[in-house]
Amino acid sequence: MNRTVQRISAVDGQLSAVVEVPGSKSVANRALVCAALADGESLIERVAPGDDTSAMVDCLGLLGVRAGEPDGEPDGEHGEDV
């Protein structure tokens, strides 16, 4: 089995990025946790809908993290915005 190892170094200073990936409930849950740990506000668009994603939002809410629709309207074509 061939393994590829890639060395990654920490960024000096502030990081700002836009990342687009296909909708996935497991990726959505990871993105929600990353957003909860980040400073400031995060916008996660086109979140794959599902009971597990809703449960994650509820659990983060119990921990004091505000999560919900930024404009009150889900993006019906691609899933919810959180």
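Residues numbered from 1 in each chain as written. Predicted model: local features only at pLDDT ≥ 70, side-chain atom pairs only at ≥ 80, totals over all residues. Heavy atoms only, no water.

Novice: Explain helix 1 (residues 25–37) residue by residue, including any values.
Specialist: Between the first and last C-alpha of helix 1 there are 19 Å, a value that for 13 residues agrees with the 18 Å anticipated at 1.5 Å per step. When helix 1 is considered as a whole, its buried residues turn out to be Ala28, Asn29, Leu32 and Ala35. All buried residues of helix 1 lie within an arc of 125° about the axis, which places them on one face of the element. What points out from helix 1, more than 90 degrees from its buried face, is the exposed set Arg30, Cys34 and Leu37. Packing partners of the buried residues in helix 1 comprise helix 2 (51–62). (Helix = DSSP H or I, 4+ residues; strand = E, 2+ residues; numbered from the N terminus. Expected span 1.5 Å × (residues − 1). Buried < 20%, exposed > 50% of the residue type's maximum accessible area, 1.4 Å probe, protein only. Arc of directions from axis to C-beta. Contact = heavy atoms within 4.5 Å.)

Novice: I'd like a rundown of the nonpolar core, residues and numbers included.
Specialist: Ala28, Leu32, Ala35, Ile44, Val47, Val57 and Leu60 together form the largest nonpolar core, which totals 7 residues. Among the elements of the structure, helix 1 and helix 2 are those that each provide at least two residues to this core. (Core = buried A, V, L, I, M, F, W, Y, C linked by side-chain atoms within 4.5 Å.)

Novice: So what's going on with the side chain of Asn29? Which residues, and what values?
Specialist: Looking at the element boundaries, Asn29 is found in helix 1. Residues contacting Asn29, with those up to four places away along its chain left out, are Asp52, Thr53 and Met56.

Novice: So what about the packing of helix 1 against helix 2? Which residues, and what values?
Specialist: The N-to-C vectors of helix 1 and helix 2 enclose an angle of 15°; their axes lie 9 Å apart at closest approach. Regarding the angle of helix 1 to helix 2, the classification is roughly parallel. Handedness of the helix 1/helix 2 crossing: right-handed. Between helix 1 and helix 2, the contacting residues are Lys25, Ala28, Asn29, Leu32, Val33 and Ala36 on the first element and Asp52, Thr53, Met56, Val57 and Leu60 on the second. Of the residues that constitute the contact of helix 1 with helix 2, the class distribution is 7 nonpolar, 2 polar and 2 charged. (Axes fitted to C-alpha atoms, helices over the stretch in contact; angles between N-to-C directions. Parallel < 35°, antiparallel > 145°, perpendicular 65-115°, else oblique. Left-handed = near helix turned anticlockwise from the far one by under 90°. Nonpolar A, V, L, I, M, F, W, Y, C, P; charged D, E, K, R; others polar.)

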